[in-house]
Amino acid sequence: MPAPDAVLRAEQSHLTRSRAALARMRQRVDALDPAAGGDRISREVLAGTLEARRQALADDPQVPLFFGRLDYDVTAEQTPDETFHVGRRHVSDEGGDPLVVDWRAPVSLPFYRASRTEPMGLRRRRRYGFSAGAMTSFEDERLAEGDALEHSAILEAEIERPRTGPMRDIVATIQPEQDVIVRAGLDRSVCVQGAPGTGKTAVGLHRAAFLLYAFRRQLARGGVLVVGPNASFLRYIGDVLPALGELDARQTTPVGLCLETLTGRHPKAAVRADDDPAAAVLKGDARMAEVLRRAVWGHVTAPTEGLVVPRGSSRWRVSVLEVEDLLAELRERGVRYGAARAMLPQRLAHLVLLQMERRGESPDDRVQDAVARSRPVKACVDALWPAVDPARLVLRLTSDAELLAAAADGLLSADEQAMLLRPGPARAPGTARWTPADVVLVDEAADLVEREPSWGHVVVDEAQDLSPMMLRAVGRRATTGSVTVLGDLAQATTPWGVRDWREALAHLGHPDAVVDELTRGFRVPGEVIELAARLLPHVAPGLAPPVSVRRTPGELVLRRGVEALPDVVREVVARPGSVGVIAPDARVAEVVGALAEHSPAALGGDPGPETDPRLQVVPATLAKGLEFDHVVLVEPAALVAAEPDRATGLRRLYVCLTRAVTSLVVLHDDDLPAELAAPA
């Protein structure tokens, strides 16, 4: 075995060679001429493809090209042992031989799954330590000899490395139970119930990256959609997939998805209001889907007279009974309202053509099309099967008590119907005071009229906070594809939140999805997770408590006196890593003001020129999904009291307590919630 210094020099030489090869790969792309396309469209497509490839081959000198090495034992085949360096992307030399293999390639699988008892053909697994892109150390596990590390210092250092800026990838630290989920096939839908710090968001994003790599042809058309709870969260995770070389996945929010449906017809429409919690819960109730279905299909009316179509010197008549049968047939076909409306003129015209043929004429398709476009047929269709604008329908339904009563009969009580009605006269869709829940209703109505296209795969994070109607909206985007659902029932902080994954998966349209539970926490320190876990019996008694696998316990301080906030923050900011000051929403301005003279802080991840880029003040309602090396939590009792009910407040507190990676300081004047008391 060579001396460690010699091994490091050899590996550093391989890293240098790999970077040079990656630069050559990029130069080859730069040398290609987009003008080689045969026409304008081809040139635009080629230019876009080359730019995407150029971005995928970008090299950040601060990020190592590889983080591991696999030495396969192939002595049984009497051939030299094969060695592969595992990294974020494939890099090959001028002869096409791999210098770095992609972490998603099948040959890389043992890096994540091999063990002492199941070496998976490996003679040795090596991990590398890096600092600012420079290789500093390595660890070897001789798996063929049964020699595997109980604890990897390099792995622990990477997990605990200070966090600044957006979320980063975890390709170097994926654990076996996480890797099983990441590499699940495209045909498999998965629901991940993950405790704080178990890496569920990272697992979902890495699964998206894996699917785009392993099933690129299948996903070339359908694509991958990532749905997150809010814009701050999407900014936080936005760099993960590009860092893995995947630029094609789209990221948005549930309301953002639905708002596109509304603004597609009414560009000036926008979310301008919020419902009170009771109304939002009702609008998110799955019963609203049936109310909307009735309202849409209630536009179809029975004919009172037959259809008469003049053509030349003849008048062709379709009887009331024939029209009734045709309407019933179209309703029973199970197609969307708009598709059936588009079929109706041709079906009416076909009945006319049958009469022509019985009289000895020989009409062709052109005659049928002409009859279908004739004024009497169009008038008949408009009268019996009128066009429906989803936004206008929702406005009418929530403004017209009589219309709502007809659609909600037997589904909603009189009090519930009254709760849905808007005060004042109905407005035009472009100027209406739409709420997030209204926008989701419009999306449901739009899908009843015209089918929503399906994506190849949809990742939905923080799914526990979605209402049944929001889940239906997301599920409509995955009717022919699969889903990865990520969430934690203990962190459900909306009044309409998920309480049971099976019920949520049914609303998504994927009731057979496999539910996997992650309980091993890699991010949250042991002392912090133990404190937060005291809330579980009160907020999610059916869940297994999370377990921190980190050997360092972290730091937990409970301290009275919110007036000490500036001094506490000044002390914490002096340490390496990011700092988040989480406060009840109503006290955010007070907190920002208290810090202004000491440690100017960015509010909600929006740093200004005078602020410390490592310090953020975060409203409690926006903390979900974020993580900081150090967290200062202000006044937990006020945070709990700000929610509509105590259970929701305790879930919010559970979220805020578990944002810390290294240390947590809880500052309070009021007594801590009794549920945080240590068990007797």
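Residues numbered from 1 in each chain as written. Predicted model: local features only at pLDDT ≥ 70, side-chain atom pairs only at ≥ 80, totals over all residues. Heavy atoms only, no water.

### Describing the sheet that holds strand S1 (residues 66-72)
Remark on secondary structure: sheet strands pair via backbone hydrogen bonds, oriented parallel or antiparallel.
Here comes step 1: Ordered in space as S3-S4-S2-S1-S5-S6, the 6 strands form an open sheet in which the pairing is mixed. The open sheet has two free edges, formed respectively by strand S3 (91-92) and strand S6 (134-141), since each of these has just one partner strand.
Here comes step 2: Sheet topology note: the strand S5 (residues 122-131)/S6 ladder contains 7 bridges and is antiparallel. Among the inter-strand pairings, Tyr128 is bridged to a residue of S6, identified as Phe138.
Here comes step 3: Sheet contacts for helix H1 (residues 4-31): S1, strand S2 (82-87), S3, strand S4 (98-102), S5 and S6; angle to S6, the most-contacted strand, approximately 115°. (Pairing = 2+ DSSP bridges. Helix = DSSP H or I, 4+ residues; strand = E, 2+ residues; numbered from the N terminus. Contact = heavy atoms within 4.5 Å. Axes fitted to C-alpha atoms, helices over the stretch in contact; angles between N-to-C directions.)

### Structural notes on the pattern of salt bridges
Here comes step 1: Scanning the entire structure with this criterion turns up 49 salt bridges.
Here comes step 2: Put simply, Asp447 and Arg336 hold a salt bridge, and the shortest N to O gap is 3.1 Å. Remark: Arg336 occurs in the loop between helix H13 (320-332) and helix H14 (337-358) and Asp447 occurs in helix H20 (residues 436-449); sequence separation between them is 111 residues.
Here comes step 3: With a shortest N-O distance of 2.7 Å, Glu444 and Arg472 are connected by a salt bridge. Of this pair, Glu444 sits in helix H20 while Arg472 sits in helix H21 (residues 468-476), placing them 28 residues apart in sequence.
Here comes step 4: Arg472 gets classed as partly exposed once you look at its relative accessible area, which sits at 28%. (Salt bridge = Lys/Arg side-chain N within 4 Å of Asp/Glu carboxyl O. Buried < 20%, exposed > 50% of the residue type's maximum accessible area, 1.4 Å probe, protein only.)

### Quick word on helix H23 (residues 526-533)
Here comes step 1: Across the 8 residues of H23, 6 count as buried, placing the element largely inside the fold.
Here comes step 2: All buried positions along H23 are accounted for by Gly526, Val528, Ile529, Leu531, Ala532 and Ala533.
Here comes step 3: The secondary structure elements touched by the buried residues of H23 are helix H24 (536-539), strand S16 (547-548), strand S17 (555-560), helix H28 (646-657) and strand S22 (660-668).

### Quick notes on the UniProt feature "binding site: ATP" (unreviewed entry) in the protein
Here comes step 1: When the UniProt feature table is mapped onto this chain, "binding site: ATP" (unreviewed entry) is found at Gly194, Ala195, Pro196, Gly197, Thr198, Gly199, Lys200 and Thr201.
Here comes step 2: Dropping the residues within four chain positions of it, Gly197 is found in contact with Arg520, Gly521, Phe522, Arg523 and Val524.
Here comes step 3: Note that Thr198 resides in the loop between strand S7 (190-194) and helix H6 (200-214).
Here comes step 4: Apart from residues no more than four positions distant in its own chain, Thr198 is found in contact with Gln178, Leu518, Thr519, Arg520, Gly521 and Phe522.
Here comes step 5: Of the polar contacts made by the side chain of Thr198, one reaches the backbone oxygen of Ala195; its length is 2.6 Å. (UniProt positions renumbered as here; feature names shortened; annotations may be inferred. Polar contact = N/O pair within 3.5 Å; in protein donor to acceptor, adjacent residues only side chain to side chain.)

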